[in-house]
Amino acid sequence: MASEAKPVCLVLSSDKSLLDELQTSKLCTTTVETEGILSMMSLAENTEMAVIDGSGRDVANVTDLVQNLHKANKKMFICVYGDKIGRNAAARIAVADSGGAMTSWSSSAVRKAADIIHGTLQPSKRAQVYKCPYCQKGGLDEDGLWTHCPMYHINEPNQTTLCPICRMQPSQNIQVHIRNFHGPVARGELDNEFHSDISLYSFGLVVCQRDDGKFLLVQEFTSCGFWVPGGRLNPGEGLISGAKRETLEEGGVEIEITGLLKMEFLPHRSDKNPFVRLRAVFLAKPAHANVEEKTVPDFESAGAAWVSLAEMKSGLRLRSREPLYWAEYLAAGKPVYSLDVLETV
Ligand SMILES: [Zn+2]
Ligand SMILES: [Zn+2]
């Protein structure tokens, strides 16, 4: 039997695989027979973890039990175990709502939880210890609290409260704050989810084809060649409206966007390319007949021209192969996607 000092896991189950698994855990397991529910309640006060086998019980019975145990000791980790209940989505919600922290069909997952809890109860001797802002459980060092909060309280409503570690009043949910500013994140072992140092640059590019099959290409700066119209979105601008604006500015042509050719997300950054980029490549046609392309140079471009695939293939100077790639792509009858896949303006 457990001595007072050893953390105790109460188990209401006769499932062999669960009991075998928990025998190997670092918590001291005490098994309660089915008829011993009352003794389980009386033991709850000195218990770190309770495991209730949901097999053979209906969900209402299990949630009643969970609720009573949770009332008896709010600092206890309550786990419901069982194949049927663990795989039933609605039952998992019911257990969470009644104060259960975990529902699982896996005996090894239950043992793993027991070991994690054991770990949080062994604060480093030199570390400062804190109290959980949810259940007031004390004696947790920074890493212990970092692990304890989501393990025990992930189902609980958002709470804004003073952070026990830094004594600051976070502007976000206390769990989000602890996740992102303490423990492994504070030591640089894990990324902060807010990534304030990463900027996303978004681009809308346009492959605009006329009835005669020619493409609107823009004569780019520094005489580097022709390219598809398009560019970086302005703040607050949508992909489609930005692509239309850039095409008008660079090519002088009002367009109707008819489909999506490609969405590119380029997460890799380098010294040469410090930004994460999102690029949408649209298919378009001129919005009006007999439209005149731009020829007066300005900051946007030197002008534009309608260019056939044959001209591109016969050595026309291109800023990159991209216009030729898309002309060949369309000539081969490759897919054009519906704009319905985008939620944009
Ligand atoms: Zn707690
Ligand atoms: Zn803090």
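Okay, so let's go over this structure. (Residues numbered from 1 in each chain as written. Chains lettered and ligands numbered in written order. Predicted model: local features only at pLDDT ≥ 70, side-chain atom pairs only at ≥ 80, totals over all residues. Heavy atoms only, no water.)

### A short note on the sheet that holds strand β10 (residues 255–266)
Alright, step 1. Ordered in space as β9-β6-β11-β10, the 4 strands form an open sheet in which the pairing is mixed. Looking at which strands have only one partner, the edges of the open sheet turn out to be β9 (230–232) and β10. Across the sheet, the mean angle from the axis of one strand to that of its neighbour is 15 degrees, orientation sign disregarded.
Alright, step 2. Two strands pair when backbone bridges link them, and strand β6 (residues 200–208) and strand β11 (residues 276–286) are joined in this way by 9 bridges, in the parallel orientation. Residue pairing in the sheet places Gly-204 in a bridge with Ala-280 of β11.
Alright, step 3. Packed onto the sheet, helix α9 (residues 239–251) meets β6, β9, β10 and β11 and runs at close to 110 degrees relative to β10.
Alright, step 4. Running over the sheet, helix α11 (residues 322–331) touches β6, β10 and β11 and is turned about 115 degrees from β10. (Pairing = 2+ DSSP bridges. Helix = DSSP H or I, 4+ residues; strand = E, 2+ residues; numbered from the N terminus. Axes fitted to C-alpha atoms, helices over the stretch in contact; angles between N-to-C directions. Contact = heavy atoms within 4.5 Å.)

### Focus: the side chain of Ser-202
Alright, step 1. Its place among the elements puts Ser-202 in strand β6.
Alright, step 2. Accessibility expressed as a relative area gives 17% for Ser-202, which makes it buried.
Alright, step 3. Each residue touching Ser-202, except ones within four places of it in the same chain, is listed here: Gly-231, Arg-232, Leu-233 and Leu-278. (Buried < 20%, exposed > 50% of the residue type's maximum accessible area, 1.4 Å probe, protein only.)

### Things to note about the coordination of the zinc ion (ligand 1)
Alright, step 1. Of the protein atoms, only Cys-132 (SG), Cys-135 (SG), His-148 (NE2) and His-153 (NE2) coordinate the zinc ion (ligand 1), at distances of 1.9 to 2.3 Å.
Alright, step 2. Taken together, the 4 donor atoms coordinating the zinc ion (ligand 1) span angles of 104 to 116 degrees at the metal, a pattern that classifies the geometry as tetrahedral.
Alright, step 3. Cys-132 sits in the buried class, given a relative accessible area of 0%.
Alright, step 4. When its relative accessible area of 8% is taken as the criterion, Cys-135 is described as buried. (Donors = N, O, S within 2.8 Å, 3.2 Å for Na, K, Ca; no water. Tetrahedral: all angles 85-135°; square planar, octahedral: opposite > 155°, others 65-115°.)

### Details of the pattern of salt bridges
Alright, step 1. Tallying each qualifying case throughout the model produces 17 salt bridges.
Alright, step 2. Here Asp-143 and Arg-187 are joined by a salt bridge, their closest N and O atoms 3.0 Å apart. Taken together, the residues Asp-143 in helix α7 (residues 142–153) and Arg-187 in the loop between α8 (174–181) and β6 connect sequence positions 44 residues apart.
Alright, step 3. Linking Glu-189 and Arg-187 is a salt bridge whose minimum nitrogen-to-oxygen distance equals 2.8 Å.
Alright, step 4. With relative accessibility at 45%, the residue Arg-187 sits in the partly exposed group.
Alright, step 5. Overlapping salt bridges, with partners in common, bring together Glu-237, Arg-245, Glu-246 and Glu-249 in one network. (Salt bridge = Lys/Arg side-chain N within 4 Å of Asp/Glu carboxyl O.)

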